Amino acid sequence: MSLLTDLISLNADYAAAIDDDRLEDWPLFFTPACFYRITTAQNHARGLPVGLVYADTRQMLADRVLSLRKANIFERQSYRHLIGLPRVEAEADGVARVRTAFAALRIMRGGATEIFASGNYLDEVVRVDGRLLLQRRDVVCDSPRIDTLLALPL
């Protein structure tokens with residue numbers, strides 16, 4: 001398969017894991033020593049390292065899922081991701097730098113659906129045992145306003 005085809009599959013499977021409430025599968029899309037952050041375009045453009053969500057290992061991602069399942073209290077909701085086509089911006093030393101547009105619709109318990117977030121995934125992707133994994137994913141949201149109900153991964 002081509003890199004582009006594999007990237008499309010990676011993003012489709014990633015979104016399906018979140019949208020189908022298979023959150024325990026979500027960390028498995030990352031390398032063990034990974035980086036995941038949700039930030040705003042404004043903060044990203046300024047080079048500010050702080051994120052609304054930040055993790056630098058797969059275990060931290062798994063701990064976040066455990067917290068969502070056992071400790072955090074939030075209104076039940078689900079997402080429906082709309083993922084654009086990935087654009088490979090660079091490839092070197094086995095790492096592909098990729099930009100992919102996304103939008104996430106949020107469906108609340110009562111059925112109300114709204115556009116929750118849009119932006120770009122800025123990824124570093126590596127192939128491990130023939131499978132693409134995220135070494136780094138910066139979720140850069142277009143809006144500087146992030147809803148306080150940011151509970152699920154984007």
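Student: Where do I start with the overall build of the chain in this structure?
Tutor: The helix and strand inventory of the chain stands at three helices and seven strands. In summary, the chain has a C-alpha radius of gyration of 15 Å against a globular reference of 15 Å for 154 residues, a match within 12%. Across its three principal axes, the chain shows a C-alpha extent of roughly 45 × 30 × 25 Å. The burial tally for the chain puts 40% of its 154 residues in the buried class. Partitioning the contacts of the chain with sequence separation of at least 6, the portion at a separation of at least 24 is 58%. Total accessible area computed for the chain in this model is approximately 8,300 Å², and 52% of it derives from carbon and sulfur atoms. A distance of 4 Å separates the average location of the 19 positive side-chain charges in the chain from that of its 20 negative side-chain charges.

Student: Explanation requested: helix H3 (residues 58-70) in the structure shown.
Tutor: In an α-helix there are 3.6 residues to a turn, and that puts residues three or four apart on one side. Given a rise of 1.5 Å per residue, 13 residues ought to cover 18 Å, and the 18 Å separating the end C-alpha atoms of H3 matches this to within 8%. If you check which residues of H3 are buried, you get Leu61, Val65 and Leu68. Each buried residue of H3 lies within a common arc of 60° when the element is viewed along its axis, so the set occupies one face. The outward face of H3, more than 90 degrees from its buried face, is lined by the exposed residues Gln59 and Lys70. At its buried positions, H3 is contacted by strand E1 (30-40) and strand E2 (53-55).

Student: For this particular structure, what's the right way to read unusual backbone geometry?
Tutor: If a residue is not glycine, its phi is most likely negative; likewise, a peptide bond is most likely trans. Phi at Asp21 is positive, roughly 60°, even though this residue is not glycine. Unlike most non-glycine residues, Asp129 shows phi in positive territory, near 50°.

Student: What's the story with the pattern of salt bridges in this structure? I'm lost.
Tutor: Pairs can form between side chains of opposite charge once their charged atoms are near each other. Inspection of the entire model under this criterion finds twelve salt bridges. With its nearest N and O atoms 2.9 Å apart, the salt bridge here joins Arg22 to Asp25. On the basis of relative accessibility, which here comes to 33%, the residue Arg22 falls in the partly exposed class. Since its relative accessible area comes to 29%, Asp25 is described here as partly exposed. Residue Arg106 pairs with Glu114 through a salt bridge whose shortest N-O separation is 2.3 Å. Here the salt bridges share partners, and the residues they tie into one network are Asp20, Arg22 and Asp25.

Student: Is there a simple way to explain the packing of aromatic side chains in this structure?
Tutor: How two aromatic rings sit relative to each other is set out by the distance from centre to centre and by the angle between their planes. A complete count under the given rule lists nine aromatic pairs for this structure. Between Trp26 and Phe30 the ring centres are 5.8 Å apart and the planes differ by 80°, which places this aromatic pair in the edge-to-face class. Here Trp26 matches Phe30 in class, with each residue buried. Taking the centre distance of 5.2 Å and the plane angle of 85° together, the rings of Phe35 and Tyr54 count as edge-to-face. With Phe35 in strand E1 and Tyr54 in strand E2, this residue pair connects regions lying 19 residues apart in the sequence. Clustering of aromatic rings is evident, with ring pairs tying together Tyr14, Trp26, Phe29, Phe30, Tyr36, Phe102 and Tyr121. Its end group placed over the ring of Phe35, Arg136 keeps NZ or CZ at 3.9 Å from the ring centre. The positively charged end of Arg137 is found above the aromatic ring belonging to Tyr14, 4.3 Å away from the centroid.

About the thresholds
Once a new chain begins, its residue numbering starts again from 1 and follows that chain's sequence as written. At least 70 in pLDDT is required for a residue's local features to be given in this predicted model, at least 80 for side-chain atom pairs to be given and counted, and no such filter applies to totals for whole chains, interfaces and linings, which use all residues. Values shown for side chains rest on all heavy atoms present in the structure; no hydrogens or waters enter the calculation. Only DSSP runs of H or I with at least four residues qualify as helices, and only runs of E with at least two residues qualify as strands; both kinds are numbered from the N terminus onward. Here the globule rule reads 2.2 Å times residues to the power 0.38, and the radius of gyration is calculated from C-alpha atoms. Think of it in three bands: residues with accessible area under 20% of the maximum for their type are buried, residues over 50% are exposed, and the middle band is partly exposed, with areas taken using a 1.4 Å probe on protein chains only. Every residue pair with non-hydrogen atoms within 4.5 Å of one another is taken to be in contact. Only the protein chains shown count as cover for residues, with accessible areas throughout obtained via the Shrake-Rupley method and a probe of 1.4 Å. Positive charges are assigned to Lys and Arg, negative charges to Asp and Glu, while His and the chain termini are left out of the count. To locate a charge, take NZ of a lysine, CZ of an arginine, CG of an aspartate or CD of a glutamate. To estimate the expected span of a helix, subtract one from its residue number and multiply by 1.5 Å. Directions pointing from the helix axis toward each C-beta atom define the arc. A carboxyl oxygen of Asp or Glu within 4 Å of a side-chain nitrogen of Lys or Arg is what we treat as a salt bridge. Stacked, tilted and edge-to-face are the three classes applied to pairs of Phe, Tyr and Trp rings, where Trp contributes its six-membered ring and a pair requires centres within 6.5 Å; stacked means planes under 30 degrees apart, edge-to-face means over 60, and tilted covers the rest. Only Lys NZ and Arg CZ are tested; either one counts as a charge over a ring when it is within 6 Å of the ring centre and within 35 degrees of the ring normal.

By themselves, these are just geometric observations and shouldn't be taken as functional.
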